[in-house]
Amino acid sequence: MAAAAAAAPYDRIAELKAFDESKAGVKGLADAGITELPRFFHAPPHLLHDYPTAAAGDPNFAFPVIDLEGGAWEQDPDKRKRIVAEISDASVNWGFFQVVNHGFPASLVAEMKAGAHRFFELDVDEKKQYYSHDMRKKVVHHSNLNIYTAPTINWRDTIMFQMAPDPPEPEELPACCRDVVTEYSREILKFGELLFQLLSEALGLKPDHLKEMGCAEGVNLLYNYYPACPQPELTLGTTQHADVGFISLLVQDHIGGLQVLHRDHWVDVPPGSEGIVVNIANLLQVMSNDKFTSVKHRALVKSVGPRASVIAFFGVGYASGSRIYGPIEELVSEENPPRYRKTTVEDFLTQSYKQGLNGMSFLDNLKLVVD
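Residues numbered from 1 in each chain as written. Predicted model: local features only at pLDDT ≥ 70, side-chain atom pairs only at ≥ 80, totals over all residues. Heavy atoms only, no water.

The chain carries the name Fe2OG dioxygenase domain-containing protein in an unreviewed UniProt entry, which gives Linum trigynum as its organism. According to the UniProt record, the Cofactor (unreviewed entry) comment for the chain reads "Fe cation". According to the UniProt record, the Sequence similarities (unreviewed entry) comment for the chain reads "Belongs to the iron/ascorbate-dependent oxidoreductase family." (UniProt positions renumbered as here; feature names shortened; annotations may be inferred.)

## Examining the environment of Ala308
Tracing the backbone through its elements, the reader meets Ala308 in strand S12 (residues 307–315). By relative accessible area, Ala308 is classed as buried at 2%. Sequence separation between Ala308 and Gly272 is 36 residues, and the spatial gap between their C-alpha atoms is 11 Å. Residues within four places of Ala308 in sequence aside, it is in contact with Ala116, His117, Asn224, Gln252 and Asp253. (Helix = DSSP H or I, 4+ residues; strand = E, 2+ residues; numbered from the N terminus. Buried < 20%, exposed > 50% of the residue type's maximum accessible area, 1.4 Å probe, protein only. Contact = heavy atoms within 4.5 Å.)

## A closer look at the packing of helix H5 (residues 77–93) against helix H8 (residues 178–202)
It is the contact of H5 with H8, at a shortest axis distance of 9 Å, that shows an interaxial angle of 80°. The orientation of H5 with respect to H8, classified from their angle, is roughly perpendicular. Each of Arg80, Ile83, Val84, Ile87, Ser88 and Ser91 in H5 lies in contact with H8, whose residues at this interface are Gln197, Leu198, Leu199, Glu201 and Ala202. The class makeup of the residues in the contact of H5 with H8 is six nonpolar, three polar and two charged. (Axes fitted to C-alpha atoms, helices over the stretch in contact; angles between N-to-C directions. Parallel < 35°, antiparallel > 145°, perpendicular 65-115°, else oblique. Nonpolar A, V, L, I, M, F, W, Y, C, P; charged D, E, K, R; others polar.)

Below is the structure:
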């Protein structure tokens, strides 16, 4: 009888369903004190060890850090030119960079991170009301959005707030983080406009060009929460992917875990400090006609924690589905023909989400010029 039970087939879907329907997420498993990861968290070796990790301190893999000097560049043409050149270089060669001395309120960043801990440390019954897989809702809490279709699921819980251009009513936001999420969204929209000025200039365009194309209109805020993992060598916090919209702005805590793919190596993004990480996303790669690059990145988990990160995704949602994007006309010429066909927002989002929130394959489908 024992041998027969041991040989019983593994019912992955049943276990995933039980986990999903509990609505307790990864935090619930951590609170239960598990010492071994459920099998559905086990990532295949090719996802865990697809590329080597660059050695810390290797100058060939020094993550770009750009000093905005507290805004002094805004009144100094030479400093502005230097910063634009640094942003251009990082956007072309890395698709990522970190800005420091950026002037964004440090106290607001700290309180925003604290808000993540307050939400995920609520009782399960309080969090359940926000649990959903419907990305058209304005507040969505989940543990792995594509839980039934992904080859492996991640050791991570998430809540997302669609804050612009049409924010939720205040009472729709969890009381434990309502005020800070509202304030942070207001300030990050302003900061995003500033970054889009610099990115426009890095493309050789006038400062307001990307803003006028709607890049600074929509923002979704997202909390990711990674409890301490009993077997971090077996899973990931976030599987490798490329973001879908224009840019993403991320702050992580002192624990770290974000890695960026560069020259076929995983490079650790420096944790802690007050730096804001800027990520060029897929749609901006299309608009830049491949001058800027959207690269894969992932998040590791660790045996210590919990770790929290805050991400602001600048993009356009399904409400702007008929809007069309393609290579910016001013960047196209006979010598530099368009490399992508135009696409509607709805098609871009739908196809990207179908492909596991990766979207890189859909970029290939849009390609007119194949390298």
